[in-house]
Amino acid sequence: MRTLREPPSALPVLMPAPTIYVDADACPVKEEVYRVARRTGCPVQVVANTFMRTPPDVTLHVVDSGPDAADDWIAERVQPGDIVITNDIPLASRALKGGAAALGANGKAFTESSIGAALAQRELMEHLRSFGEGGGGPKPFSAADRSRFLGALDAAVQKAKRLRA
């Protein structure tokens, strides 16, 4: 009896899990990223301007202290299907242009349809701040934000894995 095998080109190719890039300076959800990444098998690249402690299974990249050094490092390396965690709207825009998903620390996904309005609002707020208006900063980070982020990151990882399958 002869065993028939499918030719190699017909076999499914298992793509690796998406890489999760973390714009780590002032990121309040690093521990949540590590937890989801371990559970889902995703590599994590933490990018910061200064040294910070990370778990042994996480790669830390310390970049120059320029204003956009971490953003540039991430944008130059992100691949389609990867996930970028950032509150920086211009970096989120660059990630989307590179084919990656972008999530804010509050769990809000940046999308092609929402990024234009987010960039415009950012510009407006910068303009108002230049006149001494619109200060105060973001609201305090809450447990609900943390929970929403965990759900959104898990959903983004599962979506990326389906797209790579």
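Before any of the text, the structure's been laid out above.
What counts, and where the lines are drawn
- Residues numbered from 1 in each chain as written.
- Predicted model: local features only at pLDDT ≥ 70, side-chain atom pairs only at ≥ 80, totals over all residues.
- Heavy atoms only, no water.
- Salt bridge = Lys/Arg side-chain N within 4 Å of Asp/Glu carboxyl O.
- Helix = DSSP H or I, 4+ residues; strand = E, 2+ residues; numbered from the N terminus.
- Buried < 20%, exposed > 50% of the residue type's maximum accessible area, 1.4 Å probe, protein only.
- Contact = heavy atoms within 4.5 Å.

Quick look at the pattern of salt bridges
Opposite charge on two side chains permits pairing when their charged atoms draw close. If you walk through the whole model with that rule in mind, you get 6 salt bridges. With its nearest N and O atoms 2.8 Å apart, the salt bridge here joins Arg94 to Asp72. Of this pair, Arg94 sits in helix α3 (residues 89-97) while Asp72 sits in helix α2 (residues 69-77); the two residues are 22 residues apart in sequence, bridging distant segments of the chain. Arg77 is the salt-bridge partner of Glu76, the closest N and O atoms lying 3.5 Å from each other. Glu76 gets classed as exposed once you look at its relative accessible area, which sits at 59%. For Arg77, a relative accessible area of 34% gives the class partly exposed.

Observations concerning the environment of Met52
Here Met52 shows up in the loop between β2 (44-48) and β3 (59-62). Separated by 28 residues in sequence, Met52 and Ala24 place their C-alpha atoms 9.0 Å apart. Those residues within four positions of Met52 in sequence are excluded, and the remaining contacts are Ala24, Asp25, Lys30, Val46 and Leu60.

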